[in-house]
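The primary structure of each chain is shown beneath.
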Amino acid sequence: EKAQNIITKDGFDSKVYYDKPYLLTTRNQRYLDTTLQPEAKRAFVILSAGDTIFELVSRGVNKIVSVDVNDLQPLIFKLRKASIMTLKPSQFESFLINSKDHKFMSQDFYKEVREAFDKNDQATINFWDNILEINPQEDLREYLFKGIGGDLFKTRMSLPFLRNKPSYYDLRTKLEKAEIQINIQDALAY
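About the criteria used
- Residues numbered from 1 in each chain as written.
- Predicted model: local features only at pLDDT ≥ 70, side-chain atom pairs only at ≥ 80, totals over all residues.
- Heavy atoms only, no water.
- Helix = DSSP H or I, 4+ residues; strand = E, 2+ residues; numbered from the N terminus.
- Rg over C-alpha atoms; globule rule 2.2 N^0.38 Å.
- Buried < 20%, exposed > 50% of the residue type's maximum accessible area, 1.4 Å probe, protein only.
- Contact = heavy atoms within 4.5 Å.
- Areas by Shrake-Rupley, 256 points an atom, 1.4 Å probe, with all protein chains shown as cover.
- Lys, Arg positive; Asp, Glu negative; His and termini not counted.
- Charge placed at Lys NZ, Arg CZ, Asp CG, Glu CD.
- Core = buried A, V, L, I, M, F, W, Y, C linked by side-chain atoms within 4.5 Å.
- Salt bridge = Lys/Arg side-chain N within 4 Å of Asp/Glu carboxyl O.
- Polar contact = N/O pair within 3.5 Å; in protein donor to acceptor, adjacent residues only side chain to side chain.
- 1 Å grid on protein atoms, 1.4 Å probe; cavity = no way out; pocket = protein on both sides within 12 Å on 5 of 7 lines; lining within 4 Å.
- Points joined across faces, edges and corners; volume = space filled by probe spheres on them.
- Nonpolar A, V, L, I, M, F, W, Y, C, P; charged D, E, K, R; others polar.
- Phe/Tyr/Trp six-rings, centres within 6.5 Å; stacked < 30°, edge-to-face > 60°.
- Lys NZ or Arg CZ within 6 Å of the ring centre and 35° of its normal.

Draft legend 1. A look at the overall build of the protein chain. The secondary structure content of the protein chain amounts to 11 helices and 3 strands. Counting from the amino terminus, helix and strand elements in the protein chain follow one another as α-α-α-β-α-β-α-α-α-α-α-α-α-β. Taking 2.2 N^0.38 as the reference for a compact globule, 190 residues should give roughly 16 Å; the C-alpha atoms of the protein chain span a radius of gyration of 16 Å, in line with that estimate. For the protein chain, the proportion of its 190 residues judged to be buried stands at 48%. Taking the intrachain contacts of the protein chain between residues at least 6 apart in sequence as the baseline, contacts between residues at least 24 apart amount to 68%. For the protein chain, the exposed area adds up to about 10000 Å²; of that, 48% sits on carbon and sulfur atoms. In the protein chain, which carries 28 positive and 27 negative side-chain charges, the distance between the mean positions of the two groups comes to 6 Å.

As structure tokens, then:
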């Protein structure tokens, strides 16, 4: 209901804007080159779109606790994780990164991605089934997410796991073994 309200709300409403989830990272994940201790195996992060988690996992951090105040962010993370687990790198980019691609948030790719959701997580499956079925791709692109539509090259460069196919497939393997905990609450309160 919250997501559908964001999509259908007329005009600019600051409350609705702050309810919008991030689909893409808002920072260059290469900052971890200087901040992550080489021996780190655990981390605490803000969930957002999940790209920090993906980068940490790709670097060998296998126990991650994440928090976010936006209850739509876990749904985004689960979609992105399922996409990594099922799609080729170019398909992942078309489906979730390149908002100008005709396959962006497409039913074709979603059918594959849907199979990677946790079968016991019916709420996530129902959410994406409904959102993608009743909303045209244009509405999802224009109204549901914040922070998309930027420079595709810069987005690729800010996500090291998209650099090359081996990095992407290595992340997929490591994600299968990672323990990721998601909490909906303020980071300081947690």
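So that's the structure; there's more coming.
Draft legend 2. How the structure looks around the nonpolar core. Core analysis: the biggest nonpolar cluster contains 51 residues, and Leu79, Met105, Trp128, Phe145 and Phe161 have the highest contact counts within it. When residues of this core are assigned to their parent elements, the largest contribution, 6 residues, is made by helix α5 (residues 73–86). If near-sequence neighbours (up to four positions away) are discounted, Phe161 is found in contact with Asp51, Phe54, Glu55, Arg80, Ile84, Phe92, Ser167, Tyr168 and Leu171.

Draft legend 3. The arrangement of the pattern of salt bridges in detail. Going through the model one piece at a time under the given rule, you end up with 9 salt bridges. For Lys103, the salt bridge goes to Asp108, with nearest N and O atoms at 2.8 Å. Taking relative accessible area as the criterion, Lys103 reaches 22% and is therefore assigned partly exposed. The partly exposed category is assigned to Asp108, whose relative accessible area is 44%.

Draft legend 4. Fine view of the side chain of Asp101. Here Asp101 lies in the loop between α6 (89–97) and α7 (107–114). Here Asp101 sits buried without a salt bridge, and the closest side chain of opposite charge, Lys103, lies 7.3 Å off (N-O distance). Within polar-contact distance, the side chain of Asp101 engages the backbone nitrogen of Lys103 at 2.7 Å. Not counting chain neighbours up to four residues away, the residues in contact with Asp101 comprise Ser94 and Arg141.

Draft legend 5. Examining empty space enclosed by the protein more closely. Applying the stated criterion across every chain yields a total of 2 cavities of 30 Å³ or more. Size it by volume and the largest cavity reaches roughly 40 Å³. Lining the largest cavity are Thr25, Thr26, Arg27, Gln29, Ile46, Leu47, Ser48, Ala49, Gly50, Asp51 and Thr52. For the lining of the largest cavity, the per-class residue count stands at 3 nonpolar, 6 polar and 2 charged.

Draft legend 6. Spotlight on α6. With 8 of its 9 residues buried, α6 lies for the most part within the structure. Within α6, the full set of buried residues consists of Pro89, Gln91, Phe92, Glu93, Ser94, Phe95, Leu96 and Ile97. On its buried face, α6 is in contact with α5, α7, α10 (152–158) and α11 (165–177).

Draft legend 7. Representation of the layout of surface pockets. Each pocket or cavity is described by its volume, and for the largest pocket that value is around 240 Å³. Lining the largest pocket, in full, are Phe77, Lys78, Lys81, Ala82, Met85, Ala116, Phe117, Asp118, Asp121, Ala178, Ile180 and Ile182. For the lining of the largest pocket, the secondary structure elements donating two or more residues are α5 and β3 (179–184). If one sorts the elements of the lining of the largest pocket by residue count, α5 sits on top with 5 residues.

Draft legend 8. Summary view of the packing of aromatic side chains. Following the criterion strictly, the structure yields 10 aromatic pairs and no others. With a centroid separation of 6.3 Å and 55 degrees between ring planes, the pair formed by Tyr110 and Phe117 is classed as tilted. Summarising the burial analysis for this pair, Tyr110 and Phe117 share the class buried. The ring of Phe109 has Lys103 lying over it, and the distance from NZ or CZ to the ring centre is 5.5 Å. The lysine or arginine in question, Lys146, covers the ring of Tyr17, its NZ or CZ lying 4.9 Å from the ring centre.

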